[in-house]
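# Chain and residue survey
Listed here are the chains, written in short residue letters.
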Amino acid sequence: MTLTSAETTDGALLEQPEKRLTASAKTAGERAAAQALVEEETILAHRSVLGALGLLETPSWSQVRWEGLMGRVYSLGLDDEQRAFLGLVLSMVGIGQVTLAAVTDLDERRLAVMLRAIARLAGNDTLAVGTRI
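Only a predicted model underlies this, so the values are computations on that prediction, with no experimental measurement involved. (Residues numbered from 1 in each chain as written. Predicted model: local features only at pLDDT ≥ 70, side-chain atom pairs only at ≥ 80, totals over all residues. Heavy atoms only, no water.)

## Here we look at a nonpolar patch on the surface
Taken together, the side chains of Leu 100, Leu 111, Leu 115 and Ile 118 define a hydrophobic patch exposed on the protein surface, amounting to about 330 Å² of accessible area. In this fold, Leu 115 is placed in helix α7 (residues 108-121). (Patch = residues over 30% accessible without salt bridge, like charges linked within 9 Å, V, L, I, M, F, W, Y side chains within 5 Å. Areas by Shrake-Rupley, 256 points an atom, 1.4 Å probe, with all protein chains shown as cover. Salt bridge = Lys/Arg side-chain N within 4 Å of Asp/Glu carboxyl O. Helix = DSSP H or I, 4+ residues; strand = E, 2+ residues; numbered from the N terminus.)

Here it is, written out as structure tokens:
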């Protein structure tokens with residue numbers, strides 16, 4: 001089977017969305033948000049999310065459109081917990097109006113990711129987040 005150049009390019013863009021997202025982060029909020037999405041894993045697995053971020057349109061590492069997600073949160077095919085997580089992530093970038101109470105909708109794994117992201121946003125990468133024994 002021979003791939004067309006469009007299929008090859010599309011495949012290459014899908015292979016590294018995490019790298020492109022984190023490499024594009026300019027502010028502390030964008031860095032924390034990008035890392036949270038990468039750690040969460042399931043949201044970036046949606047092609048609709050990658051498209052809303054602009055990660056499917058161009059091979060440029062510098063053009064990620066966070067605001068592209070906000071208006072499309074309910075049309076991305078995400079479940080309620082993923083939407084709650086995404087809302088909290090977008091608030092780190094300064095987009096949207098999600099209250100911190102949205103953490104009540106997160107499972108333990110996503111809550112740990114969010115707590116690490118909040119610590120990162122605060123400039124603290126040494127705070128341990130996890131289960132105490």
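Structure shown, so let's carry the discussion forward.
## Some words on helix α3 (residues 28-40)
For α3, with 13 residues, the first-to-last C-alpha span of 18 Å sits near the 18 Å given by 1.5 Å per residue. By the burial criterion, the buried members of α3 are Gly 29, Glu 30, Ala 32, Ala 33, Ala 34, Ala 36, Leu 37 and Glu 40. The inward-facing, buried residues of α3 contact α2 (17-24), α6 (80-93) and α7. Just past α3, the residue Glu 41 takes up positive phi, approximately 75°. (Expected span 1.5 Å × (residues − 1). Buried < 20%, exposed > 50% of the residue type's maximum accessible area, 1.4 Å probe, protein only. Contact = heavy atoms within 4.5 Å.)

## Looking at α6
Under the 1.5 Å per step criterion, the end-to-end length of α6 is 20 Å for 14 residues, consistent within 8% with the ideal 20 Å. The buried count for α6 comes to 11 of 14 residues, which makes it a mostly enclosed element. Residues of α6 that are buried include every one of Glu 81, Gln 82, Arg 83, Ala 84, Phe 85, Leu 86, Gly 87, Leu 88, Val 89, Leu 90 and Met 92, and no others. Looking at the packing, one finds that the buried side of α6 touches α3, α5 (67-70) and α7. Two or three places before Glu 81, at the start of α6, stands the capping residue Asp 79, its side-chain oxygen 3.1 Å from that residue's backbone nitrogen. Looking one or two residues past α6, Gly 94 carries a phi angle of roughly 95°, positive in sign. (Polar contact = N/O pair within 3.5 Å; in protein donor to acceptor, adjacent residues only side chain to side chain.)

## Digging into the environment of Gly 54
Summarising the element assignment, Gly 54 is placed in the loop between α4 (47-53) and α5. In the structure, Gly 54 is positioned 12 residues away from Trp 66 in sequence and 8.5 Å away in space, judged by C-alpha atoms. Those residues in contact with Gly 54 that sit more than four places away from it in its chain are Arg 20, Gln 63 and Arg 65.

## Some remarks on the side chain of Glu 30
Looking at the secondary structure, you find Glu 30 in helix α3. Every residue in contact with Glu 30, bar those within four places of it in the chain, is listed here: Ser 24, Ala 25, Trp 66 and Val 93.

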